[in-house]
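The primary structure of each chain is shown beneath.
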Amino acid sequence: MSKDSSHDREKGVENVDIEVYAAEDAPDQVIAKRFGVLGPLLSTLFKSGVEARGVERVPENQREKKNSWNNLLMWWSVNMVLTTIPVGVLAQYAFTLTLPHAVATIFCFAALGSVATAFIATLGPRTGLRTMIISRYSSGYLGGTFFSVLNIITQLGFATTAVILGGQTLSSINANTLPLVGGIIIIGICCLIPCFVGYDMVHVYERYAWMVTFFIMCCLYGLGSKAGYDVNAQTSLEDTGRALSDDILSFGAIIFGSVTGWAPIAADYNVRLPVDTNPWHVFALTFFGLFLPITFTVTLGATLMTITDPVYVAALGSDGNTGALIAQVLSPWGNGGKFLLVMLSLSAISNNIPNTYSAALSIQALGRPFAMVPRFLWVLLVFIIYTVAGIAGREHFSAILSNFLSILSYWTAFFVVIVAEEHFIFRRKGGRLGGYNLADWDDPSKLPIGIAGLLASCFGIAGAVVGMSQVWYTGPIGKMAGATSGADLGFELAAGFAAVMFPPLRWLEIRLTGR
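Residues numbered from 1 in each chain as written. Predicted model: local features only at pLDDT ≥ 70, side-chain atom pairs only at ≥ 80, totals over all residues. Heavy atoms only, no water.

1. Comments concerning the overall build of the protein chain
Link 1 in the chain: When helices and strands are tallied, the protein chain shows 22 helices and 0 strands.
Link 2 in the chain: In summary, the protein chain has a C-alpha radius of gyration of 23 Å against a globular reference of 24 Å for 515 residues, a match within 12%.
Link 3 in the chain: Viewed in the frame of its principal axes, the protein chain has a C-alpha envelope of about 85 × 55 × 40 Å.
Link 4 in the chain: Looking at the protein chain as a whole, 58% of its 515 residues are labelled buried. (Helix = DSSP H or I, 4+ residues; strand = E, 2+ residues; numbered from the N terminus. Rg over C-alpha atoms; globule rule 2.2 N^0.38 Å. Buried < 20%, exposed > 50% of the residue type's maximum accessible area, 1.4 Å probe, protein only.)

Shown next, in the form of structure tokens:
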């Protein structure tokens, strides 16, 4: 190879590095320049307030000290919403649990999931990087791409369930007035607007959205009580012995999945906080921002299922139409109840905003060619995909919800374990790597090769397969742990297998490659 060609190649790498640093400091200018004749239009968009920054790192000199309480308020708004109520409904609808057993399961598994997600959130201010980019430091560029694919599917799944339930509730307000398809499209468009604009508008909306929904949730508890709760309503239907353990573990997996579903995006929403922000402060605010609204709202869903009035039972129907049940609970207030139902259906927007925003970021995290496309264009694509999916799956909401959330918990469990072990074992002060070299976030030659992370993920998948219990498949360990239908130990074994295998594999990788 000639000296000139070698020099040209080094120069090319240097130019890429320069563009990466420029994109960190002034992403709007880089994008406008990249798209030539469209540059003036893009510059106008960015000047009007549309966020230019995608997965590029936020430099320390562009951080802001205000709004650290958004770690609490944002997650509170995201989870105290209409779409969280059906998770509690599944306790009786799918698993025949009595209210006391359902509540105990909700609190225990929600606490576990909140700890995992709150830890991931602490890495945002420390690194200034989005969650999927952070995963590159444990699993390399290839592993980060793998996690990004899983996260895209996860956020699209969440988004699909959100628009279906929001659309269901809107269409149930006045029969034959608004079709379900129309309701789904309305919810989707309302989610699109703040996500298109970006980070600032997302936080402004989520900072206040919880106030209205908290009031409505309290009204639902009160009106449900007036209809008549019967705590012992499911006693005769509940399983006993090992079969009861199956139900608790399977419902617990859904609760865990509904909380840790936010883990792969938890650092996306505090990357602008200063690097010296106290991690315990971020952890505590995120933990309570998840745990309190989720337990409050999921318990509401489980509690509403104890109403035995035939009118309310008929409203739920055999297809588990939670929107119709909530409409029935609010019906004694007439038009006032319909107004609250409209407001509650719009709370699906709060829940779906992070799905939409972070799915677009995860597409950018697939690699440089995807990152070069402006973030807001990926937001538009994400909106189209989940709106079409919601319309196609609108008649199968309960089946989608129960199957999706339980499977979701499997990969988020081993994802959190891998990132946590990298952080506490290898990136700690005095560890093998001694910290994060943040300048390397988009340089495959300086990031880990990723073999350790990918192999540990494979072991995590193997743990999920042998421990899972679904309608369509039950693993051998899940079968042995349960009674007739098996117990869902998928996320526990996925986390356990990955936790055991990642440290020795990563130690070997560092020893052989030095990174």
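2. Things to note about helix α3 (residues 39–47)
Link 1 in the chain: The complete set of buried residues in α3 reads Gly39, Leu42 and Phe46. An end-on view of α3 places all buried positions within 65 degrees of arc, on one side of the element. Counted as exposed and oriented over 90 degrees from the buried face of α3: Pro40, Leu41, Thr44 and Lys47.
Link 2 in the chain: Each element contacted by the buried residues of α3 is listed here: α2 (27–34) and α18 (375–392).
Link 3 in the chain: After α3 finishes, the residue Gly49 shows a positive phi value of roughly 120 degrees. (Arc of directions from axis to C-beta. Contact = heavy atoms within 4.5 Å.)

3. A short note on the packing of helix α14 (residues 322–330) against helix α15 (residues 334–346)
Link 1 in the chain: The interhelical angle for the contact between α14 and α15, taken along N-to-C directions, is 145 degrees, at an axis separation of 8 Å. Our pair here, α14 against α15, has a crossing hand that is right-handed. Contacts between α14 and α15 involve Ile326, Ala327 and Leu330 from the first element and Gly334, Gly337, Leu340, Leu341 and Leu344 from the second.
Link 2 in the chain: Residue composition of the contact of α14 with α15, by class: 6 nonpolar, 2 polar and no charged. (Axes fitted to C-alpha atoms, helices over the stretch in contact; angles between N-to-C directions. Left-handed = near helix turned anticlockwise from the far one by under 90°. Nonpolar A, V, L, I, M, F, W, Y, C, P; charged D, E, K, R; others polar.)

4. Notes on the side chain of Thr260
Link 1 in the chain: Within the secondary structure layout, Thr260 lies in helix α11 (residues 241–260).
Link 2 in the chain: Judged by its relative accessible area of 0%, Thr260 falls in the buried class.
Link 3 in the chain: A polar contact is formed between the side chain of Thr260 and the backbone oxygen of Phe256, at a distance of 2.8 Å.
Link 4 in the chain: Engagement of the side chain of Thr260 in a polar contact is seen with the side chain of Thr412, the distance being 2.9 Å. (Polar contact = N/O pair within 3.5 Å; in protein donor to acceptor, adjacent residues only side chain to side chain.)

5. Here we look at the side chain of Ser68
Link 1 in the chain: When you line up the elements, Ser68 lands in the loop between α3 and α4 (70–79).
Link 2 in the chain: Taking relative accessible area as the criterion, Ser68 reaches 17% and is therefore assigned buried.
Link 3 in the chain: Aside from chain neighbours lying at most four places away, what touches Ser68 is Leu273, His281 and Leu285.

6. A word on the packing of helix α8 (residues 136–171) against α15
Link 1 in the chain: Packing of α8 against α15 leaves a shortest axis separation of 8 Å and a crossing angle of 165 degrees. Classed by the angle they form, the pair α8 and α15 counts as roughly antiparallel. For the pair α8 and α15, the sense of crossing is left-handed. For the pair α8 and α15, the contacting residues are Gly166, Thr169 and Leu170 in the first and Leu341, Val342 and Ser345 in the second.
Link 2 in the chain: Residue composition of the contact of α8 with α15, grouped by class: 3 nonpolar, 3 polar and no charged. (Parallel < 35°, antiparallel > 145°, perpendicular 65-115°, else oblique.)

7. As for helix α12 (residues 279–304)
Link 1 in the chain: Spanning 26 residues, α12 covers 38 Å between terminal C-alpha atoms, matching the ideal 38 Å at 1.5 Å per step.
Link 2 in the chain: When you tally the buried positions in α12, you get 19 out of 26 residues, the bulk of the element.
Link 3 in the chain: At the N-terminal end of α12, a side-chain oxygen is found 2.8 Å from the backbone nitrogen of Trp280, two or three residues along, and the residue is Asn278. (Expected span 1.5 Å × (residues − 1).)

8. Observations concerning the pattern of salt bridges
Link 1 in the chain: Counting across every chain of the model gives 10 salt bridges.
Link 2 in the chain: When the shortest N-O distance is used, the salt bridge between Arg130 and Glu51 registers 3.2 Å. Placement of the pair is Arg130 in the loop between α6 (99–127) and α7 (131–134) and Glu51 in the loop between α3 and α4, with a sequence separation of 79 residues.
Link 3 in the chain: Given a relative accessible area of 3%, Arg130 falls into the buried group.
Link 4 in the chain: In this structure, the salt-bridge partner of Glu422 is Arg427, at a minimum N-O distance of 2.8 Å. Taken individually, Glu422 and Arg427 each receive the classification buried, so the pair is uniform in this respect.
Link 5 in the chain: Because the salt bridges share partners, they merge into one network encompassing Glu51, Arg130, Asp200, Arg272 and Arg375. (Salt bridge = Lys/Arg side-chain N within 4 Å of Asp/Glu carboxyl O.)

9. Description of a nonpolar patch on the surface
Link 1 in the chain: Taken together, Ile407, Ile461, Val465, Val471, Trp472 and Tyr473 make up a surface patch of nonpolar side chains, about 580 Å² in accessible area.
Link 2 in the chain: Tracing the backbone shows Tyr473 in the loop between α20 (451–467) and α21 (476–481).
Link 3 in the chain: Of the residues examined, Tyr473 reaches a relative accessible area of 32% and is grouped as partly exposed. (Patch = residues over 30% accessible without salt bridge, like charges linked within 9 Å, V, L, I, M, F, W, Y side chains within 5 Å. Areas by Shrake-Rupley, 256 points an atom, 1.4 Å probe, with all protein chains shown as cover.)

10. Describing the environment of Leu380
Link 1 in the chain: Among the secondary structure elements, Leu380 is positioned in helix α18.
Link 2 in the chain: For Leu380, a relative accessible area of 32% corresponds to the partly exposed category.
Link 3 in the chain: In sequence terms Leu380 and Ala110 are 270 residues apart; their C-alpha atoms lie 32 Å from each other.
Link 4 in the chain: Not counting residues within four places of it along the chain, the set of residues in contact with Leu380 comprises Leu192 and Phe196.

11. Section: the environment of Ser236
Link 1 in the chain: Looking at the secondary structure, you find Ser236 in the loop between α10 (199–227) and α11.
Link 2 in the chain: What makes Ser236 exposed here is its relative accessible area of 67%.
Link 3 in the chain: Separated by 138 residues in sequence, Ser236 and Thr98 have C-alpha atoms that sit 9.2 Å apart.

12. What to know about the packing of aromatic side chains
Link 1 in the chain: For the structure shown, the criterion picks out 27 aromatic pairs.
Link 2 in the chain: Pairing Phe147 with Phe414 gives two aromatic rings, centres 6.5 Å apart and planes at 40 degrees, and the pair type is tilted. On the criterion of sequence distance, the pair formed by Phe147 in helix α8 and Phe414 in helix α19 (residues 397–426) is long-range, its members being 267 residues apart.
Link 3 in the chain: On the accessibility criterion, Phe414 (2% relative accessible area) is buried.
Link 4 in the chain: Ring centres 6.2 Å apart and planes at 90 degrees place the aromatic pair Phe383 and Tyr386 in the edge-to-face group. Highlighted residues: Phe383 and Tyr386, both in helix α18, separated by 3 residues, approximately one helical turn.
Link 5 in the chain: The exposure class assigned to Phe383 is buried, which follows from its relative accessible area of 15%.
Link 6 in the chain: Through a chain of ring-to-ring contacts, three or more aromatic side chains come together here, namely Phe107, Trp280, Phe283, Phe287, Phe288 and Phe291.
Link 7 in the chain: For Arg136, the ring lying beneath its charged end belongs to Tyr141, and the centroid distance is 4.1 Å. (Phe/Tyr/Trp six-rings, centres within 6.5 Å; stacked < 30°, edge-to-face > 60°. Lys NZ or Arg CZ within 6 Å of the ring centre and 35° of its normal.)

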